[in-house]
Amino acid sequence: MQAATLPLEMAPGPRGAPLFGSLFDAWRDPLKLLSEGARDHGNVVRFKIAAFHYVLVSGLSEIQHVLVKNQKNYTKSRSYQGLKLVLGNGLLTSEGEYWRRQRRLAQPAFHVQRLRGLADTMARLTGEVIARWKALPESGRTFDMHDAMTRLTFRIAGRTLCSSDVEGDAQAIGSALTVALHFANDYVEQLVKLPPWLPLPKNIRFRRALATLDGRMYRLIEEHRAQSDHEGDLLGMLMSATDEGDGQGMTPRQLRDELMTMVLAGFETTANALTWTLYLLSKHPEVARKLEKEAIAVLGGRAATFEDLPRLEFTERVLQESMRLYPPAWCFEREAVEADELGGYSIPAGTTIAVCPYVLHRNPTYWDNPDTFDPDRFLPERSTARSRFAYLPFGDGPRICIGKGFAMMEAKIVLAMIAGAFQFDPAGERTVEMDPGITLRPKHGMPLTIVPRTATIDLAAKT
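Because the structure is a prediction, the values reported are computed rather than measured.

**Examining the overall build of the protein**
Across its full length, the protein holds 17 helices and twelve strands. Within the protein, the proportion of its 463 residues that are buried is 54%. Looking at the protein alone, contacts between residues at least 24 apart form 74% of all its contacts between residues at least 6 apart. Summing over all exposed atoms, the protein offers an accessible surface of approximately 20700 Å²; the carbon and sulfur share of this is 53%.

Written as structure tokens, this is what we have:
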């Protein structure tokens, strides 16, 4: 049957300026633009963004087609060019046979038995944060929780990825990464992409930031090479990995790109997930009390261990529900290599296809009361009939996030321990805004007030 063509002049979705269509709306509020487009125009919506073909898919069969059934026809979109300037050719940005080889080399490092040995480190560093927070005077118990979670997950990333205490580098690397990611995001949005080597102030700041990141990544690799035993962390596992086909390992540049990718994924997205979770708990004290009860019942006042994870069932549901409402990877894109059909519409080659978990996770077709914070919607009896393609915090298909198990283990350990030790209250009446850049961050930080609970985590317990 002949596929129906969706005429470009229809430009379904919110209308923008006549020349650029939805471009200005996308810059101003992409979450609103995409949400209204899916609500008003259905499962396949074409937005007129300058001269580009941009299609949002929200139907489960269409998403499955793009991510799984016909995934070979869909590569990473041109939007990843900006991120590639920062991360290089790592797992997040690479394609084809090169990506498959890198995935084979990296996969064993994320096996559950490998992750088991990292749980103690996560718990120990979380315990140190709890001890510092408990020592704060009452006047110092209101602070930016996003900054606090970023620092904690950055330390965890340093210890678990490369056995390095990066706390001393946190400010320099954090600042450099912020500059680099903002540059990458702005680069994607430029209609005319100016080469990064041009001596413009913004480009100079970016190159300095990238030099800081490169210097630290290569130094970590060289420090590892000088160690006699470096296989206990993820970088050591990558350095020791060899391809079954050619017996070759990763070059220094490949290691740099994978390490940079893991550093970003290992703390940025987890920090965002934990921040949004604590924000939701501050707004829903009844959920926070239930979470506290589980933490005390399972942990009994001690630090969490790998063996505790299966029993932290409500903790996991709270995190799942938080990532439904505020998915750190709020949107990802593919590009059609050849012409295709989605939902009865023809898709020309070169079309950018957007899958937006933020929109998908709030779609009333798939979720009852989608704007309500309800962790128990992830109980088995309420989840069995739900398609896996309705919930995509880590993506799906061959490109599903390789660090999913690592991220969930870390988030469960951190959340259970701090929820058992503190109550989190809103700080003031300020409206929290979202910043949908490369990840979904709070726009102006997340000020919360911590209140120590009577039950405590035994920081001396063996972790």
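There is more to say, and it comes next.
**Considering the pattern of salt bridges**
Under the definition given, this model contains 26 salt bridges. Among the salt bridges present, the one from E223 reaches R216, with a minimum N-O distance of 4.0 Å. Salt bridges sharing common partners tie together D214, R253, R256 and D257.

**Regarding helix α2 (residues 30-41)**
Residue pairs spaced three or four apart in an α-helix point in one direction, given the helix's 3.6 residues per turn. Here α2 spans 16 Å end to end across twelve residues, near enough to the 16 Å set by a 1.5 Å rise per residue. Every buried residue belonging to α2 is among P30, L31, L33, L34, G37 and A38, and all of these are buried. Count one or two residues on from α2 and you reach G42, which has phi positive near 95 degrees.

**Observations regarding the pairing of strand β8 (residues 352-355)**
On β8, burial covers both faces: T352 and A354 on one face and I353 and V355 on the other are all buried. Both strand β2 (residues 52-57) and β8 contribute to a ladder of three bridges, which runs parallel. By the bridge assignment for β8, L56 is matched with A354. Here strand β5 (residues 332-336) runs beside β8; their pairing, made up of four bridges, is antiparallel. Its bridge partner lying in β8, R334 is registered against I353.

**Overview of the pairing of β5**
In terms of burial, β5 is a largely internal element, five of the five residues being buried. One ladder, built from three bridges, connects strand β3 (residues 74-76) with β5; its direction is antiparallel. From the neighbouring strand, Y74 faces β5, where its bridge partner is A336.

**Structural notes on unusual backbone geometry**
Of note, the phi angle at N369 is positive, near 45 degrees, even though the residue is not glycine. Turning to its location among the elements, N369 is positioned in the loop between α15 (357-360) and α16 (380-383).

**Concerning the packing of aromatic side chains**
One pass over the full model with this rule turns up 13 aromatic pairs. Centroid distance F183 to Y187: 6.2 Å. Interplanar angle 20 degrees. Geometry classified as stacked. Residue F183 and its partner Y187 are located together in helix α9 (residues 170-189), separated by four residues, close to a single helical turn. You'll find F183 and Y187 in the same group, each marked buried. Judged by centre distance (4.1 Å) and plane angle (10 degrees), the rings of F183 and F206 are stacked. Taken together, the positions of F183 in helix α9 and F206 in helix α10 (residues 201-225) put the pair 23 residues apart, joining distant regions of the chain. Looking at F183, the relative accessible area reads 5%, which means it is buried. The buried category is assigned to F206, whose relative accessible area is 3%. Members of the aromatic cluster, connected to one another through ring pairs, are W133, F143, F422 and F424. Sitting over the ring of Y326, R362 keeps its end group 5.4 Å from the ring centre.

**Digging into the nonpolar core**
Among the nonpolar cores identified, the biggest contains 141 residues, and W133, M145 and M149 are the most heavily contacted of them. Residue contributions to this core peak at 15 residues, all from helix α12 (residues 252-283). Apart from the residues lying within four places of it in its own chain, the contact partners of M145 are W133, T275, L278, F424, M446, L448 and I450.

**Concerning the side chain of R155**
As for its position among the elements, R155 is in helix α8 (residues 145-162). Residue classification places R155 among the buried positions, given a relative accessible area of 8%. A distance of 2.9 Å separates the side chain of R155 from the side chain of E128, its partner in a polar contact. Those residues in contact with R155 that sit more than four places away from it in its chain are L125, E128, R132, D165, V166 and E167.

**Points about the sheet that holds strand β9 (residues 422-426)**
The strand order across the open sheet formed by three strands is β4-β12-β9, and the pairing between neighbours is antiparallel. Both edges of this open sheet fall to β4 (142-144) and β9, since each of them pairs with a single strand only. Across the sheet, the axes of successive neighbouring strands diverge by a mean angle of 40 degrees, strand direction being ignored. Summarising the sheet, β4 and strand β12 (residues 447-452) pair through three bridges and their orientation is antiparallel. From the neighbouring strand, F143 faces β12, where its bridge partner is L448.

**So, the confidence of the model for the protein**
With 89% of its residues at a pLDDT of 70 or more, the protein shows a mean pLDDT of 87. Confidence drops under pLDDT 50 across residues 459-463; counting only partners more than four residues distant or on other chains, this segment forms nine contacts.

Conventions used here
- Residues numbered from 1 in each chain as written.
- Predicted model: local features only at pLDDT ≥ 70, side-chain atom pairs only at ≥ 80, totals over all residues.
- Heavy atoms only, no water.
- Helix = DSSP H or I, 4+ residues; strand = E, 2+ residues; numbered from the N terminus.
- Buried < 20%, exposed > 50% of the residue type's maximum accessible area, 1.4 Å probe, protein only.
- Contact = heavy atoms within 4.5 Å.
- Areas by Shrake-Rupley, 256 points an atom, 1.4 Å probe, with all protein chains shown as cover.
- Salt bridge = Lys/Arg side-chain N within 4 Å of Asp/Glu carboxyl O.
- Expected span 1.5 Å × (residues − 1).
- Pairing = 2+ DSSP bridges.
- Phe/Tyr/Trp six-rings, centres within 6.5 Å; stacked < 30°, edge-to-face > 60°.
- Lys NZ or Arg CZ within 6 Å of the ring centre and 35° of its normal.
- Core = buried A, V, L, I, M, F, W, Y, C linked by side-chain atoms within 4.5 Å.
- Polar contact = N/O pair within 3.5 Å; in protein donor to acceptor, adjacent residues only side chain to side chain.
- Axes fitted to C-alpha atoms, helices over the stretch in contact; angles between N-to-C directions.
- pLDDT = per-residue confidence, 0-100.

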